[in-house]
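The lines below spell out each chain.
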Amino acid sequence: VAKPPAGLTPYAAMRAGRPVVVEKLKPLPVECIARGHIAGSGWKEYKKSGTVCGIKLPPNLKESERLPHAIFTPSTKAETGHDENVPFARMAEAVGDRLAEMLREKSVAVYQKAQAIARLCGLILADTKLEWGRDPANGELLLVDEVLTPASSRYSPADLYKPDGPHPSCGMREAGNLRASGRATALVVSLTVRLSWRVRNRLTEAITRSPARRLRT
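Residues numbered from 1 in each chain as written. Predicted model: local features only at pLDDT ≥ 70, side-chain atom pairs only at ≥ 80, totals over all residues. Heavy atoms only, no water.

**Brief notes about the pattern of salt bridges**
Right, so step 1: Across all of its chains, the model carries six salt bridges by this definition.
Right, so step 2: The residue E84 makes a salt bridge to R90 at a minimum N-O spacing of 3.5 Å.
Right, so step 3: A relative accessible area of 41% places E84 in the partly exposed class.
Right, so step 4: For R90, a relative accessible area of 40% corresponds to the partly exposed category.
Right, so step 5: Linked through salt bridges whose partners overlap, the residues forming this network are E31, K129 and E131. (Salt bridge = Lys/Arg side-chain N within 4 Å of Asp/Glu carboxyl O. Buried < 20%, exposed > 50% of the residue type's maximum accessible area, 1.4 Å probe, protein only.)

As structure tokens, this is what we get:
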């Protein structure tokens, strides 16, 4: 940012190389999820119907197994409660056929590129949630909100991956879910948090190309 607001001038040295310019966009009323593995809510639906968002998948898949190809599984953006996975046709009714096709194509492309990068870093990217918005000035379709973070994506260490069970994911919510369920001891929750930091460290090192700050044990 070449010309910061006047109030930030005294902090020029501190902010050098750090600020980014952001714009307020109008988010679309859907969440775009791309999956390369059958896990999470997708696994729950698959067990019941053999489908995810209306997409028929091969029979006898195991939990966390890699899919033959990446799939696009949109969901509603709920203001209260949980989002709901919906078929592509229902999303198209909400945003229009042409825009729905664009969202599917772009979301899968982002996921596939990120999946390849994660693999090089010793990580598996099972799925990710993306949100898109329109630039009110020219209507351009742009990514909004967080992108490929551990909170919006399901990462796990490749050396711990084994189909036929839950991904050893790095999302911190896994630890909270374990404790809230009453099924976990303090040790299990502690190990879950440590696994989360292990994956986050790998992500940090891949992005910054420098050693991450380690979690003390």
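**Things to note about the packing of helix α3 (residues 88–95) against helix α4 (residues 97–120)**
Right, so step 1: Interhelical geometry of α3 versus α4 gives an angle of 125 degrees and a closest axis separation of 7 Å. In terms of their interaxial angle, α3 and α4 are classed as oblique. Our pair here, α3 against α4, has a crossing hand that is right-handed. For the pair α3 and α4, contact is made by F88, M91, A92 and V95 and by D97, L99, A100, E101, L103 and R104, respectively.
Right, so step 2: Its residues assigned to classes, the contact of α3 with α4 comprises seven nonpolar, no polar and three charged. (Axes fitted to C-alpha atoms, helices over the stretch in contact; angles between N-to-C directions. Helix = DSSP H or I, 4+ residues; strand = E, 2+ residues; numbered from the N terminus. Parallel < 35°, antiparallel > 145°, perpendicular 65-115°, else oblique. Left-handed = near helix turned anticlockwise from the far one by under 90°. Contact = heavy atoms within 4.5 Å. Nonpolar A, V, L, I, M, F, W, Y, C, P; charged D, E, K, R; others polar.)

**Description of unusual backbone geometry**
Right, so step 1: With a phi close to 65 degrees, D145 is a non-glycine residue in the positive phi region.
Right, so step 2: Checked against the element boundaries, D145 lands in the loop between β8 (141–144) and β9 (153–157).
Right, so step 3: With a relative accessible area of 56%, D145 lands in the exposed category.
Right, so step 4: Residue L148 is not a glycine yet carries a positive backbone phi of 60 degrees.
Right, so step 5: Tracing the chain through its elements places L148 in the loop between β8 and β9.

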